[in-house]
Structures are given as structure tokens and as C-alpha cells.
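Fold and contact review
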Amino acid sequence: MCLALPVRVVELRDGDMAVVDLGGVRKEISLALVDGVSEGDYVILHVGYALTRLDPAAAERTLETFASAGLAVPAGA
Amino acid sequence: MKYIDEFRDGKLAQSLGGAIARTANANRRYRFMEFCGGHTHAIARYGVTDLLPPNVRMIHGPGCPVCVLPIGRIDMAIEIARRPQVILATYGDTLRVPASGRLSLLKAKAQGADVRMVYSTQDAVRLAEQHPEREVVMFAIGFETTTPPTALAIKEAEAKGLDNFFVFCNHVLTPSAISHILESPEVRDIGTVPIDGFVGPAHVSTIIGSRPYEFFAEEYQKPVVIAGFEPLDVMQAILMLVRQVNDGRCEVENEFTRAVSREGNLKAQSLVAEVFELRREFEWRGLGAVPYSALRLKDKYAAYDAERHYGVADRQVADHKACECGAILRGVKQPADCKLFGTACTPENPLGSCMVSSEGACAAHYTYGRFRDIARKTAAGGAAT
Ligand code: SF4
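What counts and how
Residues numbered from 1 in each chain as written. Chains lettered and ligands numbered in written order. Predicted model: local features only at pLDDT ≥ 70, side-chain atom pairs only at ≥ 80, totals over all residues. Heavy atoms only, no water. Near = heavy atom within 4 Å. Nonpolar A, V, L, I, M, F, W, Y, C, P; charged D, E, K, R; others polar. Phe/Tyr/Trp six-rings, centres within 6.5 Å; stacked < 30°, edge-to-face > 60°. Helix = DSSP H or I, 4+ residues; strand = E, 2+ residues; numbered from the N terminus. Buried < 20%, exposed > 50% of the residue type's maximum accessible area, 1.4 Å probe, protein only. Expected span 1.5 Å × (residues − 1). Core = buried A, V, L, I, M, F, W, Y, C linked by side-chain atoms within 4.5 Å. Contact = heavy atoms within 4.5 Å. Lys, Arg positive; Asp, Glu negative; His and termini not counted. Salt bridge = Lys/Arg side-chain N within 4 Å of Asp/Glu carboxyl O. Polar contact = N/O pair within 3.5 Å; in protein donor to acceptor, adjacent residues only side chain to side chain. pLDDT = per-residue confidence, 0-100. Pairing = 2+ DSSP bridges. Axes fitted to C-alpha atoms, helices over the stretch in contact; angles between N-to-C directions.

Turning our eyes to something else, we now look at the site of the ligand. All residues adjacent to the ligand are C323, E324, C325, I328, C338, L340, F341, C345, G352, M355 and C362 of chain B. Classifying every residue of the shell around the ligand gives nine nonpolar, one polar and one charged.

Bringing the packing of aromatic side chains into the picture now. In this description, a pair of aromatic rings is defined by centroid distance and the angle of the planes. This structure, assessed with the given rule, holds 13 aromatic pairs over all chains. With a centroid separation of 4.7 Å and 85 degrees between ring planes, the pair formed by Y42 of chain A and Y3 of chain B is classed as edge-to-face. Of this pair, Y42 of chain A sits in strand β4 (residues 42-46) while Y3 of chain B is found in the segment before α1 (10-23), placing the two residues in two different chains. Of the two residues, Y42 of chain A and Y3 of chain B, both sit in the buried class. Centre to centre, the rings of F139 of chain B and F168 of chain B are 5.4 Å apart; their planes meet at 15 degrees, and the pair counts as stacked. With F139 of chain B in strand β5 (residues 135-142) and F168 of chain B in strand β6 (residues 165-171), this pair connects stretches of sequence that are 29 residues apart.

Moving on: helix α7 (residues 147-159) of chain B. Residues and elements named next belong to chain B. Taking 1.5 Å as the rise per residue, α7 with 13 residues should run 18 Å; its terminal C-alpha atoms sit 19 Å apart, in good agreement. Three or more residues of α7 are buried, namely T147, P148, P149, T150, A151, L152, A153, I154 and A157. Where α7 ends, the next residue or the one after it, G161, has phi of about 65 degrees, a positive value.

Turning our attention to the nonpolar core. Residues and elements named next belong to chain B. Counting residues in hydrophobic clusters, the biggest one holds 160 residues, and the most contacted among them are F165 and I238. Ranked by residues supplied to this core, first place goes to helix α12 (residues 231-247) with 10 residues. In this structure F165 touches A124, V125, A128, V136, M138, A153, I154, A157 and Y304, once residues within four positions along its chain are discounted.

What follows is about the side chain of D75 of chain B. Residue and element names in this part refer to chain B. Locating D75 in the fold gives a position in helix α4 (residues 71-81). It turns out D75 is buried and unbridged, and the closest side chain with the opposite charge, R315, is 5.4 Å from it. At 2.4 Å, the side chain of D75 forms a polar contact with the side chain of S100. When sequence neighbours within four positions are dropped, the list of residues in contact with D75 reads A99, S100, R315 and V317.

A few words now on the confidence of the model for chain B. Residues of chain B with pLDDT of at least 70 account for 95%, and the chain-wide mean is 91. If you check the scores for this complex, the pTM reads 0.91 and the ipTM reads 0.89.

This paragraph deals with the sheet that holds strand β2 (residues 56-63) of chain B. All names here are of chain B. Strands sit in the order β2-β1-β7-β8-β9 across an open sheet of five strands; the sheet is parallel. The strands lining the two open edges of the sheet, one partner per strand, are β2 and β9 (252-254). Within the sheet, the average angular offset between the axes of one strand and its neighbour, ignoring direction, is 25 degrees. Strand direction decides the pairing type here: strand β1 (residues 30-36) and strand β7 (residues 197-200), joined by three bridges, are parallel. Along β7, the bridge assignment pairs E34 with V199.

All right, on to the environment of P54 of chain B then. Its location among the elements puts P54 of chain B in the loop between α3 (48-51) and β2. Sequence spacing of P54 of chain B and A21 of chain B is 33 residues, and the spatial spacing of their C-alpha atoms is 8.9 Å.

This paragraph deals with the pattern of salt bridges. Residue and element names in this part refer to chain B. Within this structure, the stated rule accounts for 30 salt bridges over all chains. Between E79 and R315 there is a salt bridge, with its nearest N and O atoms 2.7 Å apart. Residue E79 is located in helix α4, and its partner R315 is located in the loop between α14 (306-310) and α15 (325-329); the two are separated by 236 residues in the primary sequence. Judged by its relative accessible area of 28%, R315 is partly exposed.

Structure representation (C-alpha cells):
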């Protein structure tokens, strides 16, 4: 029910609609809840609607945090 | 797929598990509630529990929209669906939720009710356009993520001048459910459900932002870390919670920065505020009547309100006597504590709502966790002899 996926917008269409790429599968979704989406952007898709844009720079930073957490030795250890 | 696979990396999961074990103080216990069914599912599916040290435990919360829907509301949906002029449009997950008298929407459909599964509320509006002689009712359920799409559907029906589209509104609110849990005697006084912090919702937070949780962190002195639904997100959030507990901090931190801001999606919020208003209270399975925890259509949109149009009355129906869903949703019990788990109640033949949706604690545990229990017991038994 709460399943939502990051998908790439491949084509903008009329009436706030867009075509997205879902791991090779194309699907038409609504962008009515999110302003200013461009082709190539990633959005989080849920029950046919984009809920928000995905920020690639923030995603990179989070992945770096994962990598460094594994290496870090906490103070006092 | 990009932004999914890299957040499921097994090696990184191991090293994050190591970091949690090193950071957690061996002399204390850490108990965190993951509010969302999406997190419950990720934890069960990727065996996150196995990567945590024994003194860090996860408690499942009530954040599964299908699980918290009380029997009375399903009964009302069936009552609406059985009217000959009605087409009831519903998300797939609700079809098999047990209702009164051994019914479900699926069984009502087999008996002749016109129940159709839709992927989005747009599909329901399209059904209304295609069938002007019928009345199409969207069985609208879910937390803050599905509410804006319902609002959009109502606006679309209005713009198209459709007078045969209705919404049976069951949208519920996450923050009210969290405060209800924090106010419950189990958490506050009796201490049977000790909670040291929350893994906060992923997709709900894309809409409402991280700001609404600041109240709990402060008022109830509980740390909250908003996390994505992938296993590494959950593990990183647990690490952040352990650090907060160690430092004596109670803050709202955001692990899911790639999608969640403090403000959330303002466009979606204003749309919801335009169409919906708070109900004074709403019945949740497991939690009972929770004040100001759900939405209904504003008077301005009364013409689209199925409850008013059909005059269906709210009703209270008790759960199956032996089903422990209520206690599981409050974090008091675990799926394996239920006598019916895996015997009389399975995903193919669910007796309670927690066994229906893949985000339900019982379904997640049945699908991914039950063999692990056996393995653990065998290992323990082996060590003892
Ligand atoms: S196993 Fe079935 S009957 Fe038992 S608590 Fe879970 S859903 Fe309810």
C-alpha cells in the first residue's frame, strides 16, 4: 500500500502527466502534486502520482554516510 | 534500479550493523518503534534484526493503512458496494481484509457486488466517466500519501462536472496515531512497551515534512529519525537513534534527505486542506477511537461524500476473538504470540488484517521471518544440549 518507488521521468505530457521509466517498463503517471519537474528528474511514485522530486546530491551524501559509518570507530571505543 | 539497489547493498548493511554494535552501550537496552509498515516489511525481508546486536530491538508500530482499518469501515464499504447502481473502486490491498460474517470485499464481489481494483484514483474518475449511468465510489484509504491523490480526484470530478463520482473517505493521520501510542498506558505508566525512539515515516514525510515530529521529540522526549524504506536507510536510522540515546538528545533527524524536507510538499498540503477537514474522532483497529486522527470531506465537497450520499452509519464491530492484531498494532505483542499465526491464519486465508497487506506485521513475519524463528530455536536448543 505504501509502496513507492524512485522513477525517472522520460517524457512530459499535457495535463500534468508524464511518462516514467520503471526499471525498463514505461508508465504514465501524474505530476499534479509536484511543480517544476523536468525530463531526466527522478520522482517518488506512489499510487500513480509523483509525491516529490528526488534530490540526487542528497542521495549521494547519504550513500557516503553509510560508507563512512562502517569505518568510523566511536569515541571511547 | 537506480536509487534502490545501492540502498540494499549487503556488505554495507554488515558494516552498518557493526557500527551499531560498536556504538550501542553494552550495558543498556535500546528499543525503537518503526511506525510504518514499509519499514516493518524492509526489516523482515532483509533480515535487519539479524544484523542488530541483541540489546537493540525493534517494535512494530501501527503504520499499515490496511491493518488499522476497523471491521466496521469494511462492512460499510461492502454495504455501499452492494447497491445495484454502485461500482466500488478500491486499491488491491483492501480486497481481502476480513469483514463481519466471514465476508470480505472479494467475497462480496463473488456474490455479485461490482467491486473493481484500481491502481490510482484517476482510474476511478475514469470509471465514472465511462459509466455515467452508474455511481462510482472510491474506497479511499491510507495515510498522508494517498490523501492528496484523493483530493485531486475530487477536484478532477468537479472540473469535469461528474455527478456520479463519490469518495468513501477513510484517510488517517500519522502524527495523531504516534501521540496516541505515546499517551497509551502501556508506554506511559505500565512500561510494557518501552520506546526509546522512533524510526519516522518515509513517504508520509515527503508530504507532511519533518516538522510535525518536532512536537513529539520535545513533548515526549523521544528521538525521531525519519528514514527511507530501503534496508540501509533503516539501519542508518537505527545508528542515528542509538547515538541520540547515548548523547541524551531528543531531536528530529532526517536520514531520508533525498526526498524529505522540513516543510514537506506544500502544494499537496494546501490541496488536502482545501478538500478535507478533521473528524472529531475515528476508530482504529487496535488503538480504538483516536481523537482528531482522520479526515472527512468538507461541506463544500459534500456532494462527493459517499457517507452522506448513502447515509451509511459508522459502526463498531469487534475483531475475531483470538486475533492479536490489536495488541500487535500497539506494539504489545508480536505475530508469533498469536495462536492462529501460520495455522488458521495465513496470507492465503487471513483472519486478521495484519496478515493481509505485505506491510502487516503478521504477513511480513509469515513471509520472511517464521523460518528464522525455527532456526533460532534450533540453534538455541543445540547449544543447550
Ligand atoms: S496471525 Fe492472523 S489472527 Fe493472529 S494476530 Fe496476526 S492477523 Fe490476527
